[in-house]
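Summary of the model geometry
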Amino acid sequence: MVQAYILIQTEVGKAAVAAATISEIAGVASSEEVSGPYDVIVRVDATNAAHLTEDVVPKIQQVDGITRTLTCPVVTGIPRQV
């Protein structure tokens with residue numbers, strides 16, 4: 001499994017609708033509207049790198065109102081200590 005965060009900028013007033021639309025895309029684990037330099041942050045769980053880059057990311061980029069995306073693949077996980 002390949003995991004990634006996608007940081008998204010949208011047109012003014014489009015973040016909430018974009019986040020809701022993105023949450024319906026297969027492979028999207030979470031899609032949240034945030035404040036700051038980005039408007040939406042998405043967590044993706046893809047089956048492999050090709051699925052991420054050829055299927056999930058292009059579908060996200062086609063959502064109405066999105067002006068820019070930055071994909072940040074997770075390179076390592078740190079085990080949680082209980």
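I will try to describe carefully the structure that is included in this document. (Residues numbered from 1 in each chain as written. Predicted model: local features only at pLDDT ≥ 70, side-chain atom pairs only at ≥ 80, totals over all residues. Heavy atoms only, no water.)

It is characteristic of soluble globular proteins that their nonpolar side chains tend to be buried jointly. Among the nonpolar cores identified, the biggest contains 19 residues, and Ile6, Ile8, Ile22, Val42, Val44 and Ile60 are the most heavily contacted of them. In this structure, Val42 is in contact with Ala4, Tyr5, Ile6, Ile8, Ile22, Val28, Ser30, Ser31 and Ile60, ignoring residues within four places of it in sequence. (Core = buried A, V, L, I, M, F, W, Y, C linked by side-chain atoms within 4.5 Å. Buried < 20%, exposed > 50% of the residue type's maximum accessible area, 1.4 Å probe, protein only. Contact = heavy atoms within 4.5 Å.)

Turning next to the side chain of Ser31. With respect to the helices, strands and loops of the structure, Ser31 is situated in strand 2 (residues 28–33). Judged by relative accessible area, Ser31 falls into the buried class, the value being 17%. Separated by 2.8 Å, the side chain of Ser31 and the backbone oxygen of Ala19 make a polar contact. For Ser31, the residues in contact, after removing those within four places along its chain, are Ala19, Ile22, Ser23, Val40, Ile41 and Val42. (Helix = DSSP H or I, 4+ residues; strand = E, 2+ residues; numbered from the N terminus. Polar contact = N/O pair within 3.5 Å; in protein donor to acceptor, adjacent residues only side chain to side chain.)

If you check helix 2 (residues 49–61), its first and last C-alpha atoms are 17 Å apart, about what 13 residues at 1.5 Å a residue would give, namely 18 Å. Within the span of helix 2, buried status applies to His51, Leu52, Val56, Val57 and Ile60. In this structure, the buried residues of helix 2 make contact with strand 1 (2–10), helix 1 (15–22), strand 2, strand 3 (40–46) and strand 4 (66–73). A distance of 3.1 Å separates the backbone nitrogen of Ala50 from a side-chain oxygen at the start of helix 2, and that oxygen is part of Asn48. (Expected span 1.5 Å × (residues − 1).)

Evaluation of the coordinates by the stated rule reveals 4 salt bridges. Across the salt bridge formed by Lys14 and Glu11, the nearest N and O atoms sit 3.8 Å from each other. Relative accessible area serves as the criterion here: at 27%, Lys14 is assigned to the partly exposed category. You can call Glu11 partly exposed: its relative accessible area is 38%. One salt-bridge network, held together by shared partners, links Glu11, Lys14 and Asp64. (Salt bridge = Lys/Arg side-chain N within 4 Å of Asp/Glu carboxyl O.)

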